[in-house]
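Now for the letters of each chain:
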Amino acid sequence: MIAAVDIGGTKIAVGMVDDDGRLLARLETPTDADLGYAKALDRTADLLRQVARSTGAEIAGIGIGSTGPVDPFTGEIGDVNFLPGWQGSPIVEDLGRLFRVKVAMENDADAAALGESGWGAGKNKTRLIYITVGTGIGGGIILDGKLYRGVDHAHPEIGHHVIDVSGPACLCGFHGCWESLASGPAMAEWMKAESPPNYRHRENLSAKRICELAQSGDALARRAVEREAYYLGLGLANLVVLYTPDAIVLGGSVMKSAHLFLEGIRKAIAESCRYVPFEKTELALASLGEDANLIGAARVWHHRFASGGQSDH
Ligand SMILES: [Zn+2]
């Protein structure tokens, strides 16, 4: 059984995942990034021993999905906003030494893409793009069953392609990139800016709340949902035009309300992808649920080390 580690800015989750992608045990700890990498490593190792004990299984390998950037081949954490001071920490080497097994790491969006591709909604699709829409927009590209990598193993940032140059500024350097227009926070910011001062739902607006309001008939929330569907659709249409994949798998917290957006998304794709067989690209919803990142982390190990893996890259 493969042990999985999902490293996020707020928590680190660990679990045991069998060869069919079933998560058999799960524990988590706050990341507490400010306390430093060494302490987080100790706590992660403790939890790994606990989940292994609880399933009665040996850890045969460890897969890691981490908030990025990470270097998948040196196995080091990069310059991550949420993990100050952790840059260069050799987590792959450290866990490998502690548990005496092979360890592999990918960016968490790539890990989730591998999970959905191997065990989830993208199973048996050779050309697959996974997109997660939540506090940001991220994704991973699978071609012929292998993770696509850029130069020097770079992870392409699908969420930061430009949709509207007159849009909001983003840390990526662009104005109006996809994430700045269609992430959960972008949805809330737009609605706040559009709402009159006396709008009674003005405080604590989130993508989730807006979707609830839209379903209960709130006119402004419905406009926010329409706008979200339009921008999601433009970004996805760009991916269909550029890649025409077998499937695009949609995950992340905003996609829990996908039923509100799918019609608008399909309309945007149908209106703008006429040069490619867009109707053949399946739009699927992620099927691994809340633990997609953790299950994906285990799949990172299989992708790297199981037969036909990417160990030579
Ligand atoms: Zn951006």
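The structure this text deals with has already been given above.
Residue numbers restart at each chain and count upward from 1, following the sequence in its written direction. The predicted origin of the model limits local features to residues at a pLDDT of at least 70 and limits the giving and counting of side-chain atom pairs to 80 or more, whereas totals for whole chains, interfaces and linings rest on all residues. As a convention, hydrogens and water are excluded, and side-chain values are obtained from all of the structure's heavy atoms.

Student: Looking at this structure, how should I read the overall build of the chain?
Tutor: Helix numbers and strand numbers start at the N terminus; a helix is a DSSP run of H or I with at least 4 residues, a strand a run of E with at least 2. When you go through the chain residue by residue, the secondary structure sums to nine helices and twelve strands. Against the globule reference of 20 Å for 313 residues, the chain gives a C-alpha radius of gyration of 20 Å, in line with a compact fold. We call two residues in contact when some of their heavy atoms are within 4.5 Å. Nonlocal contacts in the chain, meaning residues at least 24 apart in sequence, comprise 64% of its contacts between residues at least 6 apart. We score Asp and Glu as negative and Lys and Arg as positive, and we do not count His or the chain ends. Taken as the charge centre is NZ of Lys, CZ of Arg, CG of Asp or CD of Glu, depending on the residue. In the chain, the 30 positive side-chain charges and the 39 negative ones have mean positions that sit 4 Å from each other. Radius of gyration here is computed from C-alpha atoms only, and the compact-globule reference equals 2.2 Å multiplied by the residue count raised to the power 0.38.

Student: Could you clarify how one ought to interpret empty space enclosed by the protein in this entry?
Tutor: Over the atoms, a rolled probe matching the size of one water molecule traces out where space is still vacant. Here a cavity denotes grid points, spaced 1 Å and computed from the protein atoms alone, that fit a 1.4 Å probe unable to get out, and a pocket denotes an open set having protein on both sides within 12 Å along at least 5 of 7 lines; residues with an atom within 4 Å of a point are the lining. Grid points are joined across faces, edges and corners, and a volume is the space filled by probe spheres set on the points. Applying the stated rule across the entire model yields one cavity of 30 Å³ or more. For the largest cavity, the full set of lining residues is Val 5, Ile 7, Ile 12, Tyr 37, Ala 40, Leu 41, Thr 44, Trp 86 and Ile 91. Going through the elements one at a time, β1 (2–7) and α1 (37–55) are the ones with two or more residues in the lining of the largest cavity. Broken down by element, the residue count for the lining of the largest cavity peaks at four residues, all from α1. Put simply, Ala, Val, Leu, Ile, Met, Phe, Trp, Tyr, Cys and Pro go in the nonpolar bin, Asp, Glu, Lys and Arg in the charged bin, and everything else, Gly too, in the polar bin. Counted by class, the lining of the largest cavity contains eight nonpolar, one polar and no charged residues.

Student: Can you walk me through helix α7 (residues 219–243) in this structure?
Tutor: The span you would expect from a helix comes to 1.5 Å times its residue count less one. Compared with an ideal rise of 1.5 Å per residue, which puts 25 residues at 36 Å, α7 spans 36 Å between its outermost C-alpha atoms and is within 8% of the ideal. Identification of polar contacts relies on pairs of N or O atoms within 3.5 Å, with a donor-acceptor requirement for protein atoms, meaning one able to donate a hydrogen and the other able to accept it, and with residues adjacent in sequence counted only if both atoms are side-chain atoms. At the N-terminal end of α7, a side-chain oxygen is found 3.2 Å from the backbone nitrogen of Leu 220, two or three residues along, and the residue is Asp 218. Positive backbone phi, at 35°, marks Thr 244, one or two positions downstream of α7.

Student: Whenever I open this one, the coordination of the zinc ion confuses me. Can you help?
Tutor: A four-donor tetrahedral metal ideally has 109.5 degree angles, and a six-donor octahedral metal ideally has angles of 90 or 180 degrees. Atoms of type N, O and S within 2.8 Å of a metal are treated as its donors, and for Na, K and Ca the window is 3.2 Å; water is not considered, so some sites may appear to be missing partners. His 160 (ND1), Cys 170 (SG), Cys 172 (SG) and Cys 177 (SG) make up the full set of protein donors to the zinc ion, lying at 2.0 to 2.4 Å. Geometry at the zinc ion is tetrahedral, judged from its four donor atoms and the angles of 102 to 122° they form at the metal. Mapping the donors of the zinc ion onto the primary sequence yields the spacing H-x9-C-x1-C-x4-C. Think of it this way: with four donors and all angles in the 85 to 135 degree range, the site is tetrahedral; with four or six donors, opposite ones beyond 155 degrees and the rest between 65 and 115, it is square planar or octahedral; otherwise it is irregular.

Student: Which parts of the structure should I look at to understand the sheet that holds strand β2 (residues 11–17)?
Tutor: Paired through their backbone hydrogen bonds, the strands of a sheet run either parallel or antiparallel. Across the sheet, five strands lie side by side as β3-β2-β1-β4-β7; this open sheet has mixed pairing. The sheet is open, and its two borders are formed by β3 (23–30) and β7 (103–107), each paired with just one other strand. Ignoring which end each strand starts from, the neighbouring axes of this sheet average 15° apart. When β1 meets β2, the two strands line up antiparallel, connected through six bridges. Within β2, the residue paired with Val 5 across the bridge is Val 14. Lines fitted to the C-alpha atoms define the axes, with helices restricted to the stretch that makes contact. Angles between their N-to-C directions range from 0 to 180 degrees. Sheet strands touched by helix α2 (residues 91–99): β1, β4 (61–66) and β7. Its angle to β7, the strand with the most contacts, is close to 150°. Those strands touched by helix α9 (residues 292–305) are β1, β2, β3, β4 and β7, and its axis lies near 125° from that of β1. Paired strands are those between which DSSP finds at least two bridges.

Student: Mind showing me how you'd approach the layout of surface pockets here?
Tutor: As a volume, the second largest pocket reaches approximately 320 Å³. As for the second largest pocket, its lining consists of 13 residues, of which Glu 226, Ala 229, Leu 260, Glu 263 and Gly 264 are closest to the centre. Listed by contribution, the elements that provide at least two residues to the lining of the second largest pocket are α6 (207–215), α7 and α8 (262–272). Here the lining of the second largest pocket is built from residues that sort into six nonpolar, two polar and five charged.

Student: I would appreciate a short explanation of the pattern of salt bridges in the present structure.
Tutor: Pairs may arise between side chains of opposite charge once their charged atoms sit close together. Any Lys or Arg side-chain nitrogen located within 4 Å of an Asp or Glu carboxyl oxygen qualifies as a salt bridge. Taken as a whole, this structure holds 15 salt bridges when the rule is applied. Lys 125 serves as the salt-bridge partner of Glu 282, at 2.8 Å between the closest nitrogen and oxygen. On the criterion of sequence distance, the pair formed by Glu 282 in strand β12 (residues 282–285) and Lys 125 in the loop between α3 (108–119) and β8 (127–133) is long-range, its members being 157 residues apart. For Glu 194, the salt bridge is made with Arg 223, and the minimal N-O distance between the two is 3.2 Å.

Purely spatial values, then, with no claim about function.
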